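Understanding the architecture of this molecule
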Amino acid sequence: MQQNAASGAGSAVVSLREVHKSFGPLKVLDGVTFDVARGEVLTIIGRSGSGKSTALRCIDRFETIDAGQIEVCGHKVHDPGLDLRALRQDVGIVFQSYNLFPHLTIEENIVLAPSSVKRIPKAQARKEARAVLAQVGLEDKLHHYPEQLSGGQQQRAAIARSLAMRPKVMLFDEVTSALDPELTGEVLKVIEALAQDGMTMVMVTHEMGFARSIADRVVFMHRGKVHESGTATILTAPTTPELAQFIGTGL
Amino acid sequence: MRINLDFGAILERWPAFLSGAILTLELAVIATVFGTVIGVLGAIARRSDNPVATRVAALYVETIRNTPLLVQIFLVYFGLASLGVKFPAFTVAAAALTINVGAYTTEIIRAGFDAVPKGQLEAAEGLALSRWQIYWHVVMLPAIEKVYPALTSQFVLLMLASSVTSQISAEELTAVANYIQSDTYRAFETYILVAIAYVVLSLVMRAGFWALGLALFPRRRRLGTPL
């Protein structure tokens, strides 16, 4: 029922309209507007405190907004009567700190949500767990515990866990910020493959090179506003001095 | 000064000691099982958004923690009697001990729940798990594992404290000892034996909790690392 609401190829899968959000006296989002079309990769960049992670978290309603509208896969996220769990079945989110469940094996981590939320039979869920693990190159870690994996492997397992729910949109919140350059590379490769498969993605990242190569569109946030946005070319030819300075310091 | 010990008359009464020890162990097991259930529910109540649930749980915990066990036992015993209901002493003792340990367990398990990182909860919410599924699949086991030593110590402590139920004539180990020493006039010997019996019971319980831990925490069994 909810799934049909977002039909129509090319229409926005994620849409933010004039979104405002404050933490106490601190204005974090000050009228943020952007769209993400089906199959598009949008990267959000900006300084720490610019509101980029908050904007991302609002999409999956980990933050509630003060004003404005957010629509995701036909779900009205700003609506207090939102069916939260229906939204989260359509949206996958991956965090900086992986957040794998430490007491469960990788397989159990992946099987948990499909079997208990979607009521998929255990045997089938295990089969799908192997498939998504193969997708991130970890099929041999099925029966390992998270602590037995490197940070990069844990993050790839976390991505696989999200994929097992077959989301329509994937959100990535600085997923490589805790990793060294080598491990970052292996995680980014997985995300790149997802993009090539046509997954709709929104990612907050500090990896400028990666943003340039993968992003269909880039949003630069500054003081809670979308300060500049466009194709990845804005990263090489910024039009605002703030973005120019941000990229300059990033190099 | 000479101490003249004679265990003969007491050792003859070993079946009575044994039945007392078994009853003590039964009290401990009952209180452990139901105390854990109360503790989990109490901890969930204390952390809930419902102000009534939070306050009821807090009132329960504070009342129990700030009154002596013996008084609680008398309250249950005479409280039920004043209602005109007559229960066997064993039932009253088991109920009172469960109510007592449930309060301490509530606090211990709450600490375990609080120690589960917020990121774990967000990841679970992001996977569309319901609040109860999150408690059951994501929070419960790591929380219990974190506080397992505190929790099991509390239950062993409770087994030792169960000796005060001899005051309402529950036929547990201490009550049996009181009876035997008054019968044999060998008080010192009797209580030496009872002390040894309690040590053995403690060891039995600790061994039981160790085995239970192996079954509950397979990750720890394989890797040997605490969470």
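Definitions and cut-offs
- Residues numbered from 1 in each chain as written.
- Chains lettered and ligands numbered in written order.
- Predicted model: local features only at pLDDT ≥ 70, side-chain atom pairs only at ≥ 80, totals over all residues.
- Heavy atoms only, no water.
- 1 Å grid on protein atoms, 1.4 Å probe; cavity = no way out; pocket = protein on both sides within 12 Å on 5 of 7 lines; lining within 4 Å.
- Points joined across faces, edges and corners; volume = space filled by probe spheres on them.
- Helix = DSSP H or I, 4+ residues; strand = E, 2+ residues; numbered from the N terminus.
- Nonpolar A, V, L, I, M, F, W, Y, C, P; charged D, E, K, R; others polar.
- Pairing = 2+ DSSP bridges.
- Phe/Tyr/Trp six-rings, centres within 6.5 Å; stacked < 30°, edge-to-face > 60°.
- Lys NZ or Arg CZ within 6 Å of the ring centre and 35° of its normal.

Right, let's talk about the layout of surface pockets for a bit. Quantified by volume, the largest pocket comes out at close to 390 Å³. Lining of the largest pocket is provided by 15 residues; of these, L121(B), E125(B), S130(B), R131(B) and I134(B) occupy positions nearest its centre. Contributing elements (two or more residues each) for the lining of the largest pocket: α2 (84-90) of chain A together with α6 (118-126) and α7 (131-161) of chain B. By residue number, the principal contributor to the lining of the largest pocket is α7(B), which donates 4 residues. Class assignment of the residues belonging to the lining of the largest pocket gives a composition of 6 nonpolar, 2 polar and 7 charged.

Further remarks concern the sheet that holds strand β2 (residues 26-37) of chain A. All names here are of chain A. With antiparallel pairing, the 4 strands of this open sheet are ordered in space as β2-β1-β4-β5. The open sheet terminates on both sides in strands that have one partner only, identified here as β2 and β5 (75-76). Of the strand pairs in this sheet, strand β1 (residues 12-23) and strand β4 (residues 67-72) are connected by 5 bridges, and their pairing is antiparallel. Bridge pairing in β4 links V14 to V72.

Counting across every chain of the model gives 8 aromatic pairs over all chains. Considering the side-chain rings of Y77(B) and F78(B), the 5.1 Å spacing of their centres and the 75 degrees angle between planes classify their relative orientation as edge-to-face. Feature note: the residues F74(B), Y77(B) and F78(B) constitute an aromatic cluster, connected by ring pairs. The ring of F62(A) is capped by R88(A), whose NZ or CZ atom sits 4.3 Å from the centre of that ring. Lying across the ring of F101(A), R161(A) places its NZ or CZ 4.4 Å from the centre.

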